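Survey of secondary and tertiary structure
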Amino acid sequence: MVYDFNASIGFDRRLFHQDIEGSAAHVKMLARQGILTEDERDSILGGLAGIREEVDAGKLVIDETCEDIHSFVEAELTRRVGDVGKKLHTGRSRNDQVALDMRLYVREQVVETDQLLKELLSVILRVMEENIETYMPGFTHLQKAQPVTLAHHFGAYFEMFKRDRQRMAEIYKRMNYCPLGAGALAGTTYPLDREYTASLLGFYGPTMNSMDSVSDRDYLIEFISALSLVMMHLSRFCEEIIIWNSNEYQFVEIDDAYSTGSSIMPQKKNPDIAELVRGKTGRVYGALMALLTTMKSLPLAYNKDMQEDKEVSFDAMDTVRSCIMLFTGMLDTLKVNKERMEKSAMNGFTNATDAADYLVGKGVPFRDAHSIIGRLVLYCIEKNTSIDALSLPELKSISDKFEEDIYDAVSLKTCVGKRLTFGAPGAEAMRKVTALHRDYLADETIDLACVPGKQGGM
Ligand code: ARG
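Report on the accompanying structure. (Residues numbered from 1 in each chain as written. Predicted model: local features only at pLDDT ≥ 70, side-chain atom pairs only at ≥ 80, totals over all residues. Heavy atoms only, no water.)

1. Overview of unusual backbone geometry
Counted only if it meets this: By the criteria applied, helices consist of DSSP H or I runs no shorter than four residues and strands consist of E runs no shorter than two, each listed in order from the N terminus.
The peptide bond linking L300 to A301 adopts the cis configuration, its omega dihedral lying at 0 degrees. Positive phi, close to 55 degrees, is recorded for F349, a residue that is not glycine. Of note, F349 is situated in the loop between α13 (338-346) and α14 (352-361).

This is the structure in C-alpha cells:
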C-alpha cells in the first residue's frame, strides 16, 4: 500500500527514452573524467542500448513492480552487465536524474507543439489568401458592427497562434540548461564535467545552482501556461465555428469527418470535434492550477510533492497536441459559404458607419450625420430592407445630401476596400499582411533547433 502510493513507474515510464539518453551521457562523462574505465563505460553503454532496443521492440516489458523508471533501468542494466551496472549512478541522484529526464521530455514537447502550431498557421494562411474578398459581418457584442472579410477574421487567429509560437521559443531558450550533476541538492565531490554532459544532451550549458536545479519546475509551469493560452485561443475559434456552422448562420459547413449525426434527430450534424476541443480547455487550465498549487510554499530543495508534476502535465500535453491536430484537420476541410456571409454583412447595417462618413464627406457634421443615419436605419427596419436597397427619392426624403454616388459608397466592396490602415481588412492592406505571413512561415524554426554544442553560451 505505502509502496504503491509512493511509486511513480505507472506514469514516469513515459520518461524511459530520456532516462536512457541521460544515463548514456552521464556514463560517457564519467569515463572521460577517469571516474570509470573505458571498458566499464562500454559495457554500460552496450547494456543501455540493449534495454532501449528490446523495450522499443516489445521484447522487454517495463517491470511495473519497480518504484520508478530510474530504478527499472538500473536494475535491468545490472541484471545484464553485472555489478558494473551499479557504477552508473556514481555522482548522480534520482533528484537530478528526474529533473533531467523531465526537462528533456518537455523540451521535445515544446518543439513538437511549435511544429503543430506552424502547421495550423499554414492552414489559416491558406484560408486567408483564398478569402481576401470574402465579405462578412465583423461583430462586437456578437452584433453585426462593420463589414470585414474572412481573411481578416482568420488573420486575428493567425496573430494569436503566432504569439503562441513565440512563447514556445522563449520557453525553450529559458529552460535549455542541464540540471545533471546537481546531485541530490549540493553537487558532488566527484570531478564531474557538467559542461560536457550539457553539450552531449544539446543544452546551452549547465544550470548554475544545484539546489535550484533539482527543485525548479518553472519551465514546466510556463509551458503548461502557454498551452493554456493555446487552448484559450482554440476554444474561441471553436466557439465561432460552432456558431457559424449553426443552421441560423450557415457561414461554414464542417466536413462530415469532423461532425457526427444525432442518434435521434436525423436532420442534425453536430460539431462534436469543435465542442470537444472547446471543452478540453478546462482540463488544461486544471493542470496549470494543480502545478502552481503543488509548487506553492515548497521549501528547497527536492520534495516528493514534485512527483505530482507528471500525471497532470502529461495529460495536458497529450490533450493539447491532439486538439491542435484535430482542429487543423477540421479547419483544412471546412467549407466556406461566401454568399451567405456576404448577404449577412449586407443585411445588418454594417455599412451604417460608412453611410455616415458619406454625409460627412458632403459637409454634414459627424454628430448630425450619425443621427440622420440612425433615422435611416429605423426606416429600413420598418420596411424590412437595407440602406443600399432604398431608392434615391426615399434616401432624399431623409436627407437631401444623398446623391447617386451613395450606392457605391455603401457597397461592401467599397466599405471594406477603403479600410487600408495597416492591419485593416481592405484588400491591399490585407495582401501586405498575408505576404509577410508567407515569409514568416517559410523561415525554419532556427531558434528551436537542438544542435548539440551549436548554441550560444549562458
Ligand atoms: N519519482 C520521483 C519524482 O518523480 C523521482 C525522484 C525521487 N527522488 C527521491 N529523493 N525520492 O520526483
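2. Section: the environment of T434
As a reminder, the rule being used: The buried label applies to any residue whose accessible area, calculated with a 1.4 Å probe on protein chains only, is under 20% of its type's maximum; exposed applies above 50%, and partly exposed to all values in between. Whether two residues are in contact is decided by their heavy atoms, any of which lying within 4.5 Å being enough.
By the element assignment, T434 lies in helix α19 (residues 427-442). A residue is classified by how much of its surface remains accessible, and T434, at 5% relative accessible area, is buried. Considered as a pair, T434 and N245 are 189 residues apart in the sequence and their alpha carbons are 25 Å apart. Setting aside residues up to four positions removed in sequence, T434 forms contacts with L125, M128, E129 and I132.

3. Notes on the site of the ligand
Selection criterion: Nearness here has a simple test: a residue counts as near a molecule or strand if at least one of its heavy atoms is within 4 Å of that partner. The term polar contact refers here to a pair of N or O atoms within 3.5 Å; inside protein, the definition further demands a hydrogen-donor-capable atom paired with an acceptor-capable atom, and it admits residues adjacent in sequence only when both atoms are side-chain atoms. Where accessible areas are quoted, they stem from the Shrake-Rupley method and a 1.4 Å probe; at the residue level, only the protein chains shown are allowed to cover. Under the grouping applied here, Gly and all other residues not named as nonpolar or charged are polar, the nonpolar ones being Ala, Val, Leu, Ile, Met, Phe, Trp, Tyr, Cys and Pro and the charged ones Asp, Glu, Lys and Arg.
Around the ligand, the neighbouring residues are S8, D12, D68, H70, R94, N95, V98, Y302, Q307 and K310. In this structure, a nitrogen atom belonging to the ligand sits 2.9 Å away from a side-chain N or O atom of N95. The separation between a nitrogen atom of the ligand and a polar side-chain atom of Q307 is 2.7 Å. Burial of the ligand by the protein chains amounts to 86% of its free accessible area of 340 Å². For the shell around the ligand, the leading source of residues is helix α6 (residues 94-130), giving three residues. Its residues placed into classes, the shell around the ligand shows two nonpolar, four polar and four charged.

4. Describing the packing of helix α3 (residues 16-32) against helix α5 (residues 69-81)
As a reminder of what qualifies: The axes used here are C-alpha line fits, helices contributing only the stretch in contact, and every angle between their N-to-C directions lies in the interval 0 to 180 degrees. By definition in this entry, angles of less than 35 degrees are roughly parallel, angles greater than 145 are roughly antiparallel, angles of 65 to 115 are roughly perpendicular, and the rest are oblique. Working rule for handedness: look at the near helix, and if it is turned counterclockwise from the far one by less than a right angle, call the crossing left-handed; if clockwise, right-handed.
For the pair α3 and α5, interaxial distance at closest approach is 10 Å and the crossing angle is 55 degrees. Comparing their axes, α5 and α3 come out oblique. Judged by the twist between their axes, the crossing of α3 over α5 is right-handed. Between α3, through F16, D19 and I20, and α5, the contact on the second element is made entirely by I69, H70, F72 and V73. Of the residues that constitute the contact of α3 with α5, the class distribution is five nonpolar, one polar and one charged.

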